[in-house]
Amino acid sequence: MPETAIRELTFAQAVREALAEEMRRDPRVCIFGEDVAEAGTPFKVLSGLVEEFGSERVLDTPISEAGFTGMGVGAAMTGLRPVVDIMFGDFLTLTMDQLVNQAAKVHYMSGGTWKVPMVLRTTLGATRRSAAQHSQSLHAWLCHVPGLKVAMPSTPYDAKGLLKTAIRDDNPVIFFEDKMMYKQKGAVPAEDYTIPFGVADVKREGEDITLVATSSMVEVALGAAKLLEGAGISAEVVDPRTMWPLDEKTLVESAKKTSRAIVIDEGYGRYGVTGEIASVIAEGAFFNLEAPVKRMGAMHVPIPFSPPLEDLTVPTEQTVFDAARALCGQA
Amino acid sequence: MKTITDPAKTDNPVAAELGLRLYRQMVRIRLFEEQVNELYTRALMPGLAHLYIGEEAVAVGICEALKNTDYVTSTHRGHGHCLAKGATPDRMFAELLGKEAGYCRGKGGSMHIADPATGNLGANAIVGGSAGIATGAALTAKRLKTDQVAVCFFGEGALGQGVLYEVMNLASLYKLPVIYVCENNLYTEYTHFSETTAGDILLRGTAFGVHGESVDGQDVRAVHAVAQKLVGRARRGEGPSLLLSNTYRYTGHHVGDINREYYRSKQEEQEWKTKRDPIKNMGEWLAGQKLADRSALEKIESEVREEMKTAVEFAIAAPYPGVEEVDQDVYA
Ligand SMILES: Cc1ncc(C[n+]2csc(CCOP(=O)(O)OP(=O)(O)O)c2C)c(N)n1
């Protein structure tokens, strides 16, 4: 295959390829986490890496999230570039002191002396029937903390490019993957490329309304945009790709152009990512807006197990479609 | 390490009635889990199913030494604890299928069943997540002088969680009536415990002054005998203990974990199943002691089979919760 060939990879394969390429490029890059080696994680994202890089660089840990995340911080400060694997985003709760009080602050508190070039990969997303402790999207918590960067790819292409950037970044980066997306396929170049942080991607151009969507919600927004097309509404879909740094300019410009915006994210609506982005748009595009910016996120409940209830808790193509029509005065 | 409790040497002769009850309870868990496997593979059960098959003697031996009012906390592999503590299979299956008749109105599912009526404070999908809860229940029992004890079931994977050691220290300081039961089934998800566990497990408790014992978790009489001893200590105010139960899960980490050869051999599985099956061995012991004949054991099995079949039918026919249920009970 020629160097520049575009292949179809799954999201999981794109993540694995980014890791493998970075591990080949830089011997300091290593992985720790539960069942990351032979098992390749329960989602099989890391399959094959231990065979190529050995069990010192792909290190199976005990079920000690606080401990090995802290180990990641210390290792990052002293010469390694760890990629810490937290199987379910729900288990971030166990790592919070290490991330919030340690990783996020070390550089600043040391007057810029120490650096923490660590990536923490984890998952988000409901609708897998996994109930309240395996379905949360807790990324907003990390976005709140100065010193952390937060990336949330929505396609295999973005996953590879953003993960490479994350690994090369000298700051702690929290990298969220939608676990429902691992098998989704998309075009991914075989060659080395990176995607800079803080650059949003317009996934679809439109004129009448801006749908800002993150991670799992990008597909939902694109689906809604198709439905809206049938209703004569042209929707633009913008994916910020990194929550921090945030590409405020692209968001504001899109809203200025279309004059309406809905922000859709799988985290909780209250005090969440959607609130932040909505206020960025409201502040930046106020005089061009024809309607208040609307937020759509997870319902403010623990995610229920029962399928018919769980399905009510996250935005869908239909609920986004309905909200967009209402905002455009069509309801 | 303490030596394995030898039932022959305990002064706890198991009466025929108790023996048959232990046997029946184990059969109930086994056949319940076989139904779960069936429901799951027929795509009738959503989510994940972590089966307790092979480990029945641990839950049964311990829960039969508890009163209905005593507390247990459980794990993601919790159906056995739940049944052994007295829950009924119909409402359990209903919960597993997300139905309104379930113990948690379908909102918890397999990994979160709880039942106040039988002292079950809940299964838990966070490894080690219930260590604090069990310890807190023991604190209440002590403060309110209720004479209850709390049992915290956890897999050996939870030995990796720092919270376990924090609560052991607390329980020892305050002499709480709590028993930490480590179910060492040899594997976390896909990793042998020797690769994740350094040193001696019981000594971890010893360091905090927590009394430690280990037991053959495939021998229900041995588990029951040691449980009675530890429950007695707890009730007398002698403080917490750590019980290491050596056991084995026969099936995958969850039902979908089919190809397991990369982490354990078929031969190993076969050996546990044929030589150390808790139900088979208890059946043979009952027969050998002339406490029950073959037909009595077969009768138990067919009765339980019928019980489970009826319970599954109930659950399948039961309705889902109404949509208005979704935002109920977020706050008390
Ligand atoms: C804090 C936390 N980390 C990781 C997981 C994912 N996980 C679920 S079960 C499991 C293995 C648990 O092993 P063990 O405690 O020995 O129980 P077993 O499954 O063997 O019964 C893991 C890692 C989790 N649920 N919670």
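Residues numbered from 1 in each chain as written. Chains lettered and ligands numbered in written order. Predicted model: local features only at pLDDT ≥ 70, side-chain atom pairs only at ≥ 80, totals over all residues. Heavy atoms only, no water.

Side note on the overall build of chain A
Secondary structure assignment for chain A yields 12 helices and 14 strands. A compact globule built from 331 residues would reach a C-alpha radius of gyration of about 20 Å, and chain A, at 20 Å, matches this within 12%. Principal-axis analysis of the C-alpha atoms places the extent of chain A at approximately 60 × 50 × 40 Å. Within chain A, the proportion of its 331 residues that are buried is 60%. Partitioning the contacts of chain A with sequence separation of at least 6, the portion at a separation of at least 24 is 81%. Here chain A has roughly 12,500 Å² of accessible surface; of this, 54% comes from carbon and sulfur atoms. In chain A, 32 side chains carry a positive charge and 44 a negative one; their mean positions are 1 Å apart. (Helix = DSSP H or I, 4+ residues; strand = E, 2+ residues; numbered from the N terminus. Rg over C-alpha atoms; globule rule 2.2 N^0.38 Å. Buried < 20%, exposed > 50% of the residue type's maximum accessible area, 1.4 Å probe, protein only. Contact = heavy atoms within 4.5 Å. Areas by Shrake-Rupley, 256 points an atom, 1.4 Å probe, with all protein chains shown as cover. Lys, Arg positive; Asp, Glu negative; His and termini not counted. Charge placed at Lys NZ, Arg CZ, Asp CG, Glu CD.)

A few points about the nonpolar core
All names here are of chain A. Within the largest apolar cluster, 84 residues are counted, with the highest numbers of intra-cluster contacts made by L19, L142, L163 and I281. Sorting elements by how many residues they give to this core places helix 1 (residues 11-25) first, with eight residues. Domain assignment of the residues forming this core places at least three in each of domain 1 (8-189) and domain 2 (201-327). Contact partners of L142, with chain neighbours within four places excluded, come to L92, M96, L99, L148, V150, I174 and F176. (Core = buried A, V, L, I, M, F, W, Y, C linked by side-chain atoms within 4.5 Å. Domains from an automatic or database assignment.)

Let's talk about the sheet that holds strand 3 (residues 58-60) of chain A
All names here are of chain A. Read from one edge to the other, the open sheet built from seven strands follows the order 3-2-4-5-7-6-12, with strand pairing classed as mixed. Lying at the two open borders of the sheet, with one neighbouring strand each, are strand 3 and strand 12 (242-244). Looking at each pair of strands side by side, their axes are set apart by 20 degrees on average, direction ignored. Two strands pair when backbone bridges link them, and strand 2 (residues 29-33) and strand 3 are joined in this way by three bridges, in the parallel orientation. Residue pairing for strand 3: F32 is matched across the bridge by L59. Helix 3 (residues 65-77) rests against strand 2, strand 3, strand 4 (81-86) and strand 5 (119-124) of the sheet, and its axis sits at about 165 degrees to strand 4. (Pairing = 2+ DSSP bridges. Axes fitted to C-alpha atoms, helices over the stretch in contact; angles between N-to-C directions.)

Some details on the interface of chain A and chain B
Contact with chain A, which involves 33 residues of that partner, is made by 35 residues of chain B. Note on chain A versus chain B: buried area summed over both sides is about 2,600 Å², and carbon and sulfur give 66% of it. The interface formed by chain A and chain B holds zero salt bridges in total. Counting the contacts that link chain A with chain B gives 10 residue pairs in polar contact (both at pLDDT 80 or more). (Buried area = accessible area lost by both parts, 1.4 Å probe. Salt bridge = Lys/Arg side-chain N within 4 Å of Asp/Glu carboxyl O. Polar contact = N/O pair within 3.5 Å; in protein donor to acceptor, adjacent residues only side chain to side chain.)

Here's the deal with the sheet that holds strand 1 (residues 71-73) of chain B
Residues and elements named next belong to chain B. Read across the open sheet, the five strands follow the order 1-2-3-5-4; overall the sheet is parallel. At either margin of the open sheet sits one strand with a lone partner, and together these are strand 1 and strand 4 (211-216). In this sheet, neighbouring strand axes are inclined to one another by 20 degrees on average, regardless of whether the strands run parallel or antiparallel. Two elements, strand 1 and strand 2 (residues 150-155), share three bridges in a ladder whose sense is parallel. Along strand 2, the bridge assignment pairs T73 with C152. Packing of helix 5 (residues 131-143) onto the sheet brings it into contact with strand 1, strand 2 and strand 3 (178-184), and relative to strand 2 it is tilted by some 170 degrees.

Comments concerning helix 8 (residues 216-230) of chain A
Taken as a whole, helix 8 of chain A has its buried residues at S216, M217, V218, V220, A221, G223, A224, A225 and L228 of chain A. A positive backbone phi angle near 80 degrees is found at G232 of chain A, which sits one or two residues after helix 8 of chain A.

Looking at the packing of helix 1 (residues 16-41) of chain B against helix 2 (residues 56-63) of chain B
Residues and elements named next belong to chain B. Viewed as axis vectors pointing N to C, helix 1 and helix 2 meet at an angle of 135 degrees, and their least axial separation amounts to 9 Å. Taken together, the axes of helix 1 and helix 2 are oblique relative to one another. Handedness of the helix 1/helix 2 crossing: right-handed. Along its contact with helix 1, which presents L22, Q25, M26, I29 and R30, the element helix 2 presents E56, A57, A59 and V60. Tallied by class, the residues present in the contact of helix 1 with helix 2 amount to six nonpolar, one polar and two charged. (Parallel < 35°, antiparallel > 145°, perpendicular 65-115°, else oblique. Left-handed = near helix turned anticlockwise from the far one by under 90°. Nonpolar A, V, L, I, M, F, W, Y, C, P; charged D, E, K, R; others polar.)

Quick notes on the site of the ligand
Around the ligand sit 22 residues, and of these E65 of chain A together with H76, R77, A125 and Y187 of chain B come closest. In the model, an oxygen atom of the ligand is placed 2.8 Å from a nitrogen or oxygen of the G157 of chain B main chain. In the environment of the ligand, an oxygen atom lies 2.9 Å from a nitrogen or oxygen atom belonging to the side chain of N185 of chain B. By residue class, the composition of the shell around the ligand is nine nonpolar, eight polar and five charged. (Near = heavy atom within 4 Å.)

A short note on helix 7 (residues 156-168) of chain A
Residues and elements named next belong to chain A. With 13 residues, helix 7 extends 19 Å from end C-alpha to end C-alpha; this agrees with the ideal 18 Å at 1.5 Å per step. Buried residues dominate helix 7, accounting for 11 of its 13 residues. All buried positions along helix 7 are accounted for by P156, D158, A159, K160, G161, L162, L163, K164, T165, A166 and I167. (Expected span 1.5 Å × (residues − 1).)

Considerations on the state of the cysteines
Across all of its chains, the model carries zero disulfides over all chains by this definition. No disulfide involves C82 of chain B; its sulfur sits 8.4 Å from the nearest other cysteine sulfur, which is in C104 of chain B. (Disulfide = S-S within 2.5 Å.)

Quick look at unusual backbone geometry
With an omega dihedral of 0 degrees, the bond running from W244 of chain A to P245 of chain A counts as a cis peptide bond. By the element assignment, P245 of chain A lies in the loop between strand 12 and helix 9 (248-258). Positive phi values are uncommon outside glycine, yet T127 of chain A reaches one of about 70 degrees. Within the secondary structure layout, T127 of chain A lies in the loop between strand 5 and helix 6 (139-143). The phi torsion at K290 of chain B lies on the positive side, around 60 degrees, for a residue other than glycine.

A closer look at the confidence of the model for chain A
Mean pLDDT for chain A: 97, with 98% of residues reaching 70 or above. Within chain A, strand 11 (residues 235-239) of chain A carries the highest mean pLDDT (99), whereas strand 1 (residues 6-10) of chain A carries the lowest (92). (pLDDT = per-residue confidence, 0-100.)

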